[in-house]
Each structure stands twice: as C-alpha cells, then as structure tokens.
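# An overview of the molecular structure
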Amino acid sequence: MKIALISDLHVAASLPWTQQVWEAFLSRVEEENISLVVVGGDLFDSLDDAYTLRQWLAHSVDKTRISRLLWIVGNHDLTNPTTGKQVYRLADMNFGEKVEVCLTPDLWVEDGIEIMGYPFPLVRTEEEREAFSPSKLLSRFPSPEQRRIAVAHVGLASWVPHMSEEAEVIPKTFATMFQCERVFLGHIHQRLEDGVYRTLGSARVWRKGESGEHGYLVYDTETHTERFENLPEGRVFQEKEVFVFYDQVEDREEKPFSSHTWLHFDLYGVVQNDAQKEKIKDHLRQKYTNVAEITFDEEGLFLSSVLANHPVWQIFLSKWEKHYEASPEEEKSLWLLAREIFVKDFLQQGGRG
Ligand SMILES: [Mn+2]
C-alpha cells in the first residue's frame, strides 16, 4: 500500500492559489491510485480558514477516488495566530465523510500498517496535557502487530535544545517508545532526516526564505521507503539582490524564472525620493510579469537627502563622475562596479547617519 503524506499547506481563503496547491496534490495522488492521504498538520493557515473552506475541503476530497484522509491537526488548524481569538472549534466542524480529524493522539490500523497520529498539543488543562504525554500514552498504544509509523505536528526534542520534552516537541526516544519504524513530522517548514525521523517540509512557500522544492512524500508500506514528489504549484522562493543608483537599476543575470516563482528583491543603494523608489519597483514588476508574486525588501535603499551632505560622499561622487566620463567605453562597467562597491560599503558603514 502507498500513503501520500503532506503537511503545512497553510491553505488560506484569501490566497486562492493555495487552494490550487491542494487540488493539484489531490489530482496527483489520484493519478497514482493512492487511496490514503495523511496530512501532518497546518492544512489551513488558521481556524477561520478551516471554517470558511470546510465545504470546499469536503468537496475536494469527495469528488476523488481517494478513500480516506487522516488529518493530524497543527497549531494553525486550531487557532487564529494573527488575532489570537477563536470563535469556532475545529472539533465542531464537518469536513465530509472521508476526512477524519485527529485532535488527540490516536491509532489507525490499516491493512499491513499501523498509523499513529500525534497532533499539535494545544493543551489548556492538566488532563489535556496528560493526553499528550508520551509516557502516559504508552498504555494506550501497546506493541504493534504489524509495521507502525507515526505522523505528528511537533518538533523533535534534539532539534530544539533546552525545550521541555512534552511541549510542542516529542522526545528523541518517541520512535523507540512506540516502536515506530518511521516518524513523519509536520510543523518544521524544512525537509530533514534524522534516523527514522523525517520532516515533511511545507507543501508550499509559506513565508519569505522557504527556498527549495515544495511537495509531498509517498510512503510505500511494503518496501518501507518514501520518495519526495515536487508540487510546482507550491511555488519556489527566489531572492535577487538588485543595486539601485537613482534611476539606474543594475539587475544582472537574466535567467528566466518559472511562472510558479515568488520573486523577492533585496533592493540596495540610493534613490532621490519615494517616487523614484516606486518607479524602480514598477520597472521590476514589468520586467518579470510571468512570475507568480513579487515582493521587495527596501531596508538597504536610502534617500539621497540622507547622504548628500556627507563629505566623504561628496568627495567620492565628484571624483568618480570625472573618472567615469573620461574612461573608455570598455572600462565603464568597472567604474560602475567601483561605485556600487563604494555605495554598498558606505551604507553598511553607517554613512547614512
Ligand atoms: Mn506550519
């Protein structure tokens, strides 16, 4: 049997493309004739998203040949991280016949495999805390009768030093305690491997910096192996440093980006005013119209008024201009580079102040 494992999709009602990532995933799974899907948490970006999109989720699964979806919930599925205010409860929502929501640790026995689910431990009472305590859970999950795997939405204690073993992390001995031959973890938006532990990574770019491929794992219960499947719809994050000098934009390499790219520009240099800054951003937006999303970091971009009166700046620029104009055509790029190095260094050294 094959199981498709995915986590951290963070589907948001306000970002329709994230719904398409989920739909693309389901059709890929269906094409492969996989009938069991396990979500390692953070299927939704917030509890409100889960509420708004509950019928969409039910329908997205119902219309496929996928027979079952185990959803081991994550912190984002249970709460509204931005507001901190929860009006609904995930436990009260209906996601259709095929979706099973795992809110507390549980065990499913399938043909040839046992799947232990360990959701995010959102605990308020001592009793709830105990329901997640690995040592307390041992009596509920005695020795397996066949191969057992676990899917959890927490970190691994050894990755997070100095953390209590029963708060948002599981102990390094978790797999041995429950005799799991594999433990798949959501929550960590990166793909890592440590012994029998595997992280699922984020199925889509959730925030700036989540570079690399995004997708899901297919676990084969017979061969006890897994393979990663890329989901292009989950996007790729690319960062590009661009030097700006007034109305000049030095955007070097011209490699094409795929339409699934989130292109993030780190702008640095000098501009005359805010209008010029906006013009530069527009120029870049028009240059890369095929990408999915463009964002900017302007931390390193300064207004010339901040620099204009600085003596070092004045001396450098007046000398530089003379040399640049007098230099032969083939040397001009060197002079431009020299100016770029000066400006970058000057700004980093605090010349702005
Ligand atoms: Mn997440």
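Cut-offs applied
- Residues numbered from 1 in each chain as written.
- Predicted model: local features only at pLDDT ≥ 70, side-chain atom pairs only at ≥ 80, totals over all residues.
- Helix = DSSP H or I, 4+ residues; strand = E, 2+ residues; numbered from the N terminus.
- Rg over C-alpha atoms; globule rule 2.2 N^0.38 Å.
- Buried ≥ 20, exposed ≤ 12 C-beta atoms within 10 Å, placed from the backbone.
- Contact = placed C-beta atoms within 7 Å.
- Pairing = 2+ DSSP bridges.
- Axes fitted to C-alpha atoms, helices over the stretch in contact; angles between N-to-C directions.
- Domains from an automatic or database assignment.
- Core = buried A, V, L, I, M, F, W, Y, C linked by C-beta atoms within 7 Å.
- Parallel < 35°, antiparallel > 145°, perpendicular 65-115°, else oblique.
- Left-handed = near helix turned anticlockwise from the far one by under 90°.
- Nonpolar A, V, L, I, M, F, W, Y, C, P; charged D, E, K, R; others polar.

## Here we look at the overall build of the protein chain
Counting secondary structure elements, the protein chain contains 11 helices and 18 strands. A globule of 353 residues ought to have a C-alpha radius of gyration of about 20 Å, yet the protein chain, at 26 Å, is considerably larger. Principal-axis analysis of the C-alpha atoms places the extent of the protein chain at approximately 85 × 45 × 45 Å. Across the 353 residues that make up the protein chain, the buried fraction comes to 33%. Long-range contacts, defined as pairs at least 24 residues apart, comprise 74% of the intrachain contacts of the protein chain with a sequence gap of at least 6.

## Here's the deal with the sheet that holds strand E13 (residues 215–220)
Sheet strands line up and pair through hydrogen bonds in the backbone, either parallel or antiparallel. The sheet built from 6 strands is open, its strands ordered E4-E3-E2-E1-E13-E14 with mixed pairing. Whereas interior strands pair on both sides, the edge strands pair on one side only; in this sheet they are strand E4 (99–102) and strand E14 (225–230). For this sheet, the mean angle separating the axes of adjacent strands, direction not counted, is 20 degrees. Direction of pairing for strand E1 (residues 2–6) relative to strand E2 (residues 36–39): parallel, over a ladder of 4 bridges. The residue bridging Ala4 from the neighbouring strand is Val37, located in E2.

## Some remarks on the domain arrangement of the protein chain
A common way to state how big an interface is: give the accessible area lost once the parts meet. Segmenting the protein chain into domains produces domain 1 (2–234) and domain 2 (236–348). Taken over C-alpha atoms, the centre of domain 1 sits 43 Å from the centre of domain 2. Between domain 1 and domain 2, the contact holds 8 residues from the first and 6 residues from the second.

## Thoughts on the nonpolar core
Leu5, Val38, Trp71 and Ile72 are the most contacted members of the largest nonpolar core, which totals 60 residues. Excluding its chain neighbours within four sequence positions, the residues that come into contact with Ile72 are Val38, Val39, Gly40, Gly41, Cys102, Gly117, Tyr118, Pro119, Val151, Ala152 and His153. Listed in part, the 16 residues of the second largest apolar core include Val205, Tyr268, Val271 and Phe302.

## Some words on the sheet that holds strand E11 (residues 193–194)
If you trace the 6 strands from one edge of the open sheet to the other, you get E5-E6-E7-E10-E12-E11, paired in mixed fashion. Both outer strands of the open sheet, strand E5 (106–110) and E11, are each paired with one neighbouring strand and no more. Sheet analysis places strand E6 (residues 113–118) next to strand E7 (residues 148–152), joined by 5 bridges and oriented parallel. Its bridge partner being in E7, Glu114 is matched across the sheet by Arg148.

## Observations concerning the packing of helix H1 (residues 16–31) against helix H3 (residues 54–62)
When two helices pack together, their arrangement is given by the angle between their axes and by how far apart the axes lie. For the pair H1 and H3, interaxial distance at closest approach is 10 Å and the crossing angle is 20 degrees. Comparing the axis directions of H1 and H3 gives the class roughly parallel. Like other packed secondary-structure pairs, H1 and H3 cross with a definite hand, here right-handed. Where H1 abuts H3, its residues Gln19, Trp22, Glu23 and Leu26 lie against Trp56, Ser60 and Val61. Residues that form the contact of H1 with H3 fall into these classes: 4 nonpolar, 2 polar and 1 charged.

## Observations regarding the packing of helix H10 (residues 311–326) against helix H11 (residues 332–348)
Orientation of H10 relative to H11, taken along the N-to-C sense of each, is 170 degrees, at an axis distance of 10 Å. For the element pair H10 / H11, the angle class is roughly antiparallel. Contacts between H10 and H11 pair Trp313, Phe316, Trp320, His323 and Tyr324 from the former with Lys332, Trp335, Arg339, Phe342 and Phe346 from the latter. In terms of residue class, the contact of H10 with H11 is made up of 7 nonpolar, 1 polar and 2 charged.

## With respect to unusual backbone geometry
A negative phi angle characterises most non-glycine residues, just as the trans form characterises most peptide bonds. Although it is not a glycine, Asp8 adopts a positive phi angle of roughly 55 degrees. Examined against the element boundaries, Asp8 turns out to sit in the loop between E1 and H1.

## Concerning the pairing of E6
Most of E6 is tucked away, with 6 of its 6 residues classed as buried. What sits between the antiparallel neighbours E5 and E6 is a turn of 2 residues, in which Gly112 has the positive phi angle 90 degrees.

## Concerning the environment of His10
With respect to the helices, strands and loops of the structure, His10 is situated in the loop between E1 and H1. With 24 C-beta atoms packed within 10 Å, His10 lands in the buried category. Residues His10 and Ser35, spaced 25 residues apart in sequence, show a C-alpha to C-alpha distance of 22 Å. Those residues within four positions of His10 in sequence are excluded, and the remaining contacts are Thr18, Asp42, Phe44, Asp45, His76, Arg204 and Trp206.

## Considering the environment of Gly300
Here Gly300 shows up in strand E18 (residues 293–303). For the pair Gly300 and Tyr268, spaced 32 residues apart in the sequence, the C-alpha separation amounts to 4.2 Å. Among residues more than four places away in sequence, those in contact with Gly300 are Asp266, Leu267, Tyr268 and Leu347.

## Observations regarding the environment of Glu168
For Glu168, the location among the structural elements is in the loop between strand E8 (155–156) and strand E9 (169–170). Since 18 C-beta atoms lie within 10 Å of it, Glu168 is described here as partly exposed. It is 32 Å that separates the C-alpha atoms of Glu168 and Asp62, two residues lying 106 residues apart in sequence. Apart from residues lying up to four places away in sequence, Glu168 is in contact with Pro121, Val154 and Gly155.

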